[in-house]
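Structure assessment
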Amino acid sequence: MGKTEMIVSKLGFGSIPIQRVSEDKAVAVVRRCLELGISFIDTANAYTTSEERIGKAISGRRDGLVLATKSTARTREEMERHLKLSLKRLGVEFIDLYQFHGVNDFKTLDVVLDPNGPMAVVEQAKRAGVVKHIGITSHSMDTAKEAIKSDRFETIMFSFNFIACEPADELLPLAREHDVGFIAMKPLAGGMLDNVTIAFKYLFQFPDVVPIPGIEKIPEIEESIQVLKGPWQMTEAEKGEMKRLRKELGTQFCRRCDYCQPCPEEISISIVMFSSSLFKRLPPERIFSGMVAEALEKAANCTECGECEERCPYHLPIREMISEQVKRYQEEKRKYQGQGALGNHV
Ligand code: SF4
Ligand code: SF4
C-alpha cells in the first residue's frame, strides 16, 4: 500500500453491509474472512454498529491484521472524539490506517488540512503511535488528485470498477507517482455488478490496487476468494460480457462526484441516485430516517429543469433516474409503514 509499506491481502473487507445483519452473523462473516486470509479490514465511524462488531470479531486476532477506519470529522474537537470512539469500539490500542472520510471538494480538503484542524489531531495521534498511517477517501476526481499531490496522505480510497473505470487513466498513475496506496471502493459498483468474476478479474490486473467489496454473507466472500485463486486472465466470453455490461450499465452508474450540483431545489442528487444500492446495503431503519429519507423526500420536488444533466460529465439521465428512485422509495416506504415499523421517523 504505497508509502505505508503495509502488505495486505489482495482483497480487503468492506464493512458497510454488516450493519444490516444480526451481531452474531456480522461477527461470523468477519471471522470467516480472517480464516480465508483477508488481512485488510475497512470500516468507518459513520457505519453505526460496524466498528463495534469488527472489534468483537477480531478480539484476540489482531496480529497481522491491517485495520482501517475513517471519520467525517471536520473540526479538531470532533476528530478527537471520533478517534477515541473508534479505538474503543474496535477494542484496539492503535489503528493502522486512519482516513478522512468523504472529502469531496477543495473547500473540505482545506478544512481537513488546516494547521489547527482535524489533520493536526491525526498527525499528533500518529506521532503517539495510536495511528500508524493517514489516508483519505473521496468521490471527486479533482479533489482526489489534489489530495494526492499534497503529499499529506499515504493512501487514497476511490470508487473503481470496470464501469467507473476512469481512475485507471490518471488517478492511479498519479497515486503511483506519489507512492500513495490505492484502495478501490465499490468494486461491484455498489451492488450493481452481479458478475463477481468479471468485476474482480478486471481489478486484479492492477497489482497495487486493493478492492474492498462490502461483504454481508459468508458465501459472498467465498465466491470472491475463488476468483482470487485464479486464473485472473479474462476469457474471451468474459471480455464480451464485460463489454455488454459496460454498455448496459455504463449510462446508469452515478460516480457520486457531485459535479451536477448545485441543484436549485437543493436535492442531494448523488444520494438519491445511489439509493438503490443503499437499499441493498443498509438496514431499513437507516433508509427511512436521516439523510437518505430526507434526500428522497426532497427529490419529489424535482422540477425537471435539467440543469444537473448539463453538468454531469457522465451524461446520466438524472431526471429520469431521480423519478425512478423516488417511485421506488415511496413503494418501499408504504411497505415498511405497512409493517408498522416506521413510527414517527418520517
Ligand atoms: S432537474 Fe431536478 S435535480 Fe436536476 S437540477 Fe433541476 S431540480 Fe435539481
Ligand atoms: S449524477 Fe453525474 S455529476 Fe451528479 S454525482 Fe452522479 S455522476 Fe456525478
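Computed from a predicted model, the values in this text were never measured in an experiment.

**Quick look at the overall build of the protein**
When its secondary structure is counted, the protein shows 16 helices and eight strands. For the protein, the C-alpha radius of gyration of 20 Å lies close to 20 Å, the compact-globule estimate for 346 residues. Classification of the 346 residues of the protein by burial places 53% in the buried group. For the protein, the share of sequence-separated contacts (at least 6 apart) that also reach a separation of at least 24 residues comes to 76%. Counting only carbon and sulfur atoms, one obtains 49% of the accessible surface of the protein, whose full area is about 15,700 Å². In the protein, which carries 47 positive and 50 negative side-chain charges, the distance between the mean positions of the two groups comes to 3 Å.

**Structural notes on the packing of helix H4 (residues 106-113) against helix H6 (residues 141-150)**
At a closest axis distance of 9 Å, the pairing of H4 and H6 adopts a crossing angle of 30 degrees. One finds that H4 runs roughly parallel with respect to H6. The handedness of the crossing between H4 and H6 comes out as right-handed. Residue-level inspection shows Phe106, Leu109 and Leu113 of H4 in contact with H6, the latter providing Asp142, Thr143, Glu146, Ala147 and Ser150. Of the residues assigned to the contact of H4 with H6, the class counts are four nonpolar, two polar and two charged.

**Notes on the pairing of strand S3 (residues 66-71)**
For S3, the buried fraction is high: six of the six residues fall into the buried class. On S3, burial covers both faces: Val66, Ala68 and Lys70 on one face and Leu67, Thr69 and Ser71 on the other are all buried. Alignment of strand S2 (residues 40-42) against S3, held across three bridges, turns out to be parallel. Paired with aspartate 42 across the two strands is alanine 68, which belongs to S3. Once the chain exits S2 it traverses helix H2 (residues 50-58) before rejoining the sheet at S3, and the crossover so formed is right-handed. Bridge analysis of S3 against strand S4 (residues 95-100) gives four bridges, and the strand direction is parallel. Among the inter-strand pairings, threonine 69 is bridged to a residue of S4, identified as tyrosine 98. You can see the chain leave S3, run along helix H3 (residues 76-90) and come back into S4, and the turn it takes is right-handed.

**Some details on the site of ligand 1**
Taken together, Cys263, Pro264, Glu265, Ile269, Cys302, Thr303, Glu304, Cys305, Gly306, Cys308, Arg319 and Ile322 make up all the residues around ligand 1. Residue classes in the shell around ligand 1 are distributed as seven nonpolar, two polar and three charged.

**Structural notes on the side chain of serine 159**
Structurally, serine 159 can be placed in strand S6 (residues 155-159). Setting aside its immediate chain neighbours within four residues, serine 159 contacts Ser138, Ala164, Pro167, Met185, Lys186 and Phe253.

**Thoughts on the pattern of salt bridges**
Counted according to the given criterion, the structure contains 23 salt bridges. For the salt bridge of arginine 20 with glutamate 216, the shortest nitrogen-to-oxygen distance reads 3.5 Å. Placement of arginine 20 in the loop between strand S1 (13-14) and helix H1 (23-35) and of glutamate 216 in the loop between strand S8 (209-211) and helix H9 (218-228) is noted, with a sequence separation of 196 residues between them. Among the salt bridges present, the one from glutamate 236 reaches lysine 239, with a minimum N-O distance of 3.3 Å. With glutamate 236 and lysine 239 both in helix H10 (residues 236-249) and three residues apart, the pair spans about one turn of that helix. Since its relative accessible area comes to 38%, lysine 239 is described here as partly exposed. Residues joined in a network through salt bridges with shared partners are Arg20, Glu216 and Lys217.

Scoring rules and cut-offs
For every chain, the first residue of its written sequence is number 1, and the numbers climb from 1 along that sequence. Chain A is the first chain written and ligand 1 is the first ligand written, with later ones labelled in order. Selection of residues for local features in this predicted model requires a pLDDT of at least 70, selection of side-chain atom pairs for listing and counting requires 80 or more, and totals for whole chains, interfaces and linings are taken over all residues. Calculation of side-chain values draws on the structure's entire complement of heavy atoms; hydrogens and water are dropped beforehand. Strands are runs of DSSP state E lasting at least two residues, helices are runs of H or I lasting at least four, and both sets are numbered from the N terminus onward. The globule rule used here is 2.2 Å times the number of residues to the 0.38 power, and the radius of gyration it is set against is calculated over C-alpha atoms. Only protein chains enter the accessibility calculation, which uses a 1.4 Å probe. A residue is then buried if its area is under 20% of the maximum for its type, exposed if over 50%, and partly exposed in between. When checking whether two residues touch, look at their non-hydrogen atoms; a contact exists if any pair is within 4.5 Å. Surface accessibility follows the Shrake-Rupley procedure with a 1.4 Å probe radius. Residue values consider only the protein chains on display as shielding. Charged-residue counts in this description rest on Lys and Arg as positive and Asp and Glu as negative, His and the chain ends being excluded. By convention, the charge on Lys lies at NZ, on Arg at CZ, on Asp at CG and on Glu at CD. Between N-to-C directions, angles cover 0 to 180 degrees, with each direction set by a line fitted to C-alpha atoms, over the stretch in contact for helices. Roughly parallel covers angles under 35 degrees, roughly antiparallel covers those over 145, roughly perpendicular covers 65 to 115, and oblique covers all other angles. Working rule for handedness: look at the near helix, and if it is turned counterclockwise from the far one by less than a right angle, call the crossing left-handed; if clockwise, right-handed. Residues are grouped as follows: Ala, Val, Leu, Ile, Met, Phe, Trp, Tyr, Cys and Pro are nonpolar; Asp, Glu, Lys and Arg are charged; all remaining types, including Gly, are polar. Note: two strands are recorded as paired if DSSP finds a minimum of 2 bridges between them. By the criterion used throughout, a crossover qualifies as right-handed when its path from the first strand across the helix to the second strand runs clockwise, the strands pointing away from the viewer. Throughout this document, a residue counts as near a molecule or strand when at least one of its heavy atoms sits within 4 Å of that molecule or strand. By convention in these notes, a salt bridge is any Lys or Arg side-chain nitrogen within 4 Å of a carboxyl oxygen on Asp or Glu.

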